[in-house]
Amino acid sequence: MAQRVFRLSSFDKVASVAFLPMNRFAPALDDGLTALSSVAASRAEQDVDGVCGIVLAGSHHWGDGVFERVLRGPLLPVAQTPLIKYPLQWLHDAGIRAAVLCANSATPSLQTVLGAGDPLHLALSYFEDHEPRGPAGCARDAAVMTDASTFIVIEGTIVPTLDFTAMITAHRESGAAATVVVEFDRRRRGMSSGVRRQPAGIYVFERSALTSVAQHGYQDIKEGLLGRLNAAGEHVAMHEVHGLSAKVLDYSSYAAVSRWLVSRAIERPTFLAAYERVGEGMHHPSAFVHPTACIIGPVLLAEGVRVEENAVIVGPASIGARSVLARGAIVSRSFIWDDCVIGENASVDSSLLADRVVVVPGDRLKNVTQLPDQFDEPERPAAVSANDSVGAEMLPGLDSLSARWRNGAAPVGESTDNGVRPTRDTASLK
């Protein structure tokens, strides 16, 4: 596959969400949980025949940091669940039974993880974007793969919580060719009239609206399709939602959304069905916690985790599969991915450790993203600017790294005398 670089629209960029405070959007998300429950309750009454979901998993702008360039993607683990599963579950909860995933070179990886959608009780199809086609182009090409009459188009970086029933009902009652979900948050400007509304990244399109998109070339939704529909006299409606959506576009928003989801895993353990409630957290039955270890607050412990003598975990925190906290280790408000080792008396605070990171005994990590030292981050092509998006074929992302390590690829370089590989601090998150 040819390497491609393409520019995405800078329209309505999402502001970064700070690592620590969750109150910026947590109330809106809490309201969303109630909405999700009402959706499930009214599912039988909601007619979704002829409605298909389209999830845009390969056309999003990501930032310039190490996290955004290397570890981003639809399979990014958020509260021990691939990011792409959240919009798919939302569609399922609404009663939709078919969806098309639009991606680029990540398509084979998505197919490996999600297959035909059986675990999600969704009939999944895949559209691999080669041109690239852009959001509207991908949505159009996905739509013609189906015989559905109405399409819910959602960006794959969103953890949706809005009331599906209210959205689809408003769309149908308006008779619109397209409905744009917009969000606003009065808390940001009190009760002033100048509250800024912004697209939430969720749209409802009638089939005719999407099939009107050109069959070739890059086609945008916000700065292309919607304007053309309006100019052609088609009705484009707006569905307002109070509060801000949970979106994962950079490390700050990843950390904030992860902390929120970890904290609420007990209330909605959709993706952690095999886990057991322990205190304020959820632990896999195979996880081992030494009697002298201390776990405070909401903490997720995945399969095969070991928390040794006198180790401490302060939540919200997530410890990935087969990871080990050695004696006296401390992890606070951090996200540890799979197969990591936190050495004796080492501490990790407000940080992210990617798969297979080893923290040497006694080391202190704070506000960092940590990559394994055997991974050499590829240089960013000089032709790519801060407003450009890099395809997964150009930079090995999370899935390719995980696959390589889990398939038994030997680490590059030599180990230290004590067998523990030191890690390198690749990005400050201050």
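Here, the structure is the one placed above.
Residues numbered from 1 in each chain as written. Predicted model: local features only at pLDDT ≥ 70, side-chain atom pairs only at ≥ 80, totals over all residues. Heavy atoms only, no water.

## What to know about the overall build of the chain
Inference 1: Helix and strand counts for the chain come out as 10 helices and 29 strands.
Inference 2: Put simply, the chain has 430 residues, and 55% of those count as buried.
Inference 3: Sequence separation of 24 or more characterises 60% of the internal contacts of the chain that already satisfy a separation of 6 or more.
Inference 4: Surface accessibility of the chain: about 17,800 Å² in total, with carbon and sulfur atoms responsible for 50%. (Helix = DSSP H or I, 4+ residues; strand = E, 2+ residues; numbered from the N terminus. Buried < 20%, exposed > 50% of the residue type's maximum accessible area, 1.4 Å probe, protein only. Contact = heavy atoms within 4.5 Å. Areas by Shrake-Rupley, 256 points an atom, 1.4 Å probe, with all protein chains shown as cover.)

## Section: helix α3 (residues 85–93)
Inference 1: Counting buried residues along α3, eight of its nine residues qualify, which places the element largely inside the surrounding structure.
Inference 2: Turning to α3, its buried residues number three or more, namely Y86, P87, L88, Q89, W90, L91, H92 and D93.
Inference 3: Of the residues one or two after α3, G95 is the one with positive phi, at around 100°.

## Examining the packing of aromatic side chains
Inference 1: Scanning the model with the defined rule gives six aromatic pairs in all.
Inference 2: Plain terms: the ring middles of W90 and F164 are 5.5 Å apart, the flat faces sit at 70° to each other, and that makes the pair edge-to-face. Of this pair, W90 sits in helix α3 while F164 sits in helix α6 (residues 164–174), and the two are 74 residues apart along the sequence.
Inference 3: You can call W90 buried: its relative accessible area is 2%.
Inference 4: For F164, a relative accessible area of 0% puts it in the buried group.
Inference 5: Consider the rings of Y254 and W337, whose centres lie 6.4 Å apart with planes at 75°: the pair is edge-to-face. One end of the pair, Y254, is in helix α9 (residues 251–263); the other, W337, is in the loop between β21 (335–336) and β22 (341–342), and 83 residues separate them in sequence. When sorted by exposure, Y254 lands in the same class as W337, which is buried.
Inference 6: Taken together, the ring pairs connect Y251, Y254, F335 and W337 into an aromatic cluster. (Phe/Tyr/Trp six-rings, centres within 6.5 Å; stacked < 30°, edge-to-face > 60°.)

## A look at the pattern of salt bridges
Inference 1: Scanning the model with the defined rule gives 10 salt bridges in all.
Inference 2: For D349, the salt bridge identified is with R333, shortest N-O distance 2.9 Å. Of the two residues, D349 is situated in strand β23 (residues 347–349) and R333 in the loop between β20 (330–332) and β21; the sequence distance between them amounts to 16 residues.
Inference 3: A relative accessible area of 21% places R333 in the partly exposed class. (Salt bridge = Lys/Arg side-chain N within 4 Å of Asp/Glu carboxyl O.)

## Some thoughts on the side chain of H284
Inference 1: Along the chain, H284 turns up in the loop between β12 (281–283) and β13 (288–289).
Inference 2: When its relative accessible area of 18% is taken as the criterion, H284 is described as buried.
Inference 3: Apart from the residues within four sequence positions on either side, H284 is in contact with Y275, L301, A302 and E303.

## Quick word on unusual backbone geometry
Inference 1: Residue P132 is bonded to the preceding E131 through a cis peptide linkage, with omega at 5°.
Inference 2: Note that P132 resides in the loop between β4 (123–128) and α5 (134–143).
Inference 3: Looking along the chain, the bond that leaves G315 and enters P316 is cis, with omega of 5°.
Inference 4: Looking at where P316 falls in the secondary structure, it is placed in the loop between β17 (312–314) and β18 (317–319).
Inference 5: Look at S350: it is not a glycine, yet its phi comes out positive at around 50°.
Inference 6: Among the structural elements, S350 can be located in the loop between β23 and β24 (352–353).

## As for the pairing of strand β2 (residues 51–56)
Inference 1: Counting buried residues in β2 gives six out of six residues, a clear majority hidden from the surface.
Inference 2: For β2 and strand β3 (residues 98–103), the ladder comprises four bridges, and the chain directions are parallel. Across the sheet, G53 pairs through a bridge with A99, a residue of β3. (Pairing = 2+ DSSP bridges.)

## Regarding the sheet that holds strand β16 (residues 306–307)
Inference 1: Strands sit in the order β13-β16-β19-β22-β25 across an open sheet of five strands; the sheet is parallel. Looking at the sheet topology across the chains shown, the edges are occupied by β13 and β25 (358–359).
Inference 2: In terms of strand pairing, β13 meets β16 through two bridges, oriented parallel. Of the residues in β16, the one forming a bridge with F288 is R306.

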